[in-house]
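# Survey of secondary and tertiary structure
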Amino acid sequence: MTRATFISRDVRAGCLVCGGSDPRWLGPNAQGVAARHHDATGHATWCDVDMSIRYGREETDAAQTDIEDAIGAAA
């Protein structure tokens, strides 16, 4: 059985000494950069990872009108 799956990750990281709770690094490498920054400076760093997983595909709305059809009907 094939299951449609969508996974996304949002990664933010920062240094509590250099920037407090404001993210300094964003994206897939942020966690590694925060770890290397800690190793190089001894500063306390943080990393937040938000992960979303979706299964299946959203059903199309049969009542949804194409934008060009809606514009033509309004004219």
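It should be noted that the structure appears before, not after, this text.
Residues numbered from 1 in each chain as written. Predicted model: local features only at pLDDT ≥ 70, side-chain atom pairs only at ≥ 80, totals over all residues. Heavy atoms only, no water.

Looking now at the side chain of His-37. Relative to the assigned elements, His-37 resides in helix α1 (residues 30-41). Within the structure, His-37 has its side chain in polar contact with the side chain of His-43 (distance 3.3 Å). Not counting the four nearest positions on each side in its chain, His-37 is found in contact with Cys-15, Cys-18, Arg-24, Trp-25, Gly-42, His-43 and Thr-45. (Helix = DSSP H or I, 4+ residues; strand = E, 2+ residues; numbered from the N terminus. Polar contact = N/O pair within 3.5 Å; in protein donor to acceptor, adjacent residues only side chain to side chain. Contact = heavy atoms within 4.5 Å.)

With that settled, consider the pattern of salt bridges. One pass over the full model with this rule turns up two salt bridges. Note that Asp-10 is salt-bridged to Arg-12, the shortest N-O span being 3.0 Å. Arg-12 is the partner of Asp-50 in a salt bridge, and the nearest nitrogen-oxygen pair spans 3.4 Å. Highlighted residues: Asp-50 in strand β3 (residues 45-55) and Arg-12 in strand β1 (residues 5-15), separated in sequence by 38 residues. A relative accessible area of 40% places Asp-50 in the partly exposed class. Take Arg-12: its relative accessible area is 24%, and that puts it in the partly exposed class. (Salt bridge = Lys/Arg side-chain N within 4 Å of Asp/Glu carboxyl O. Buried < 20%, exposed > 50% of the residue type's maximum accessible area, 1.4 Å probe, protein only.)

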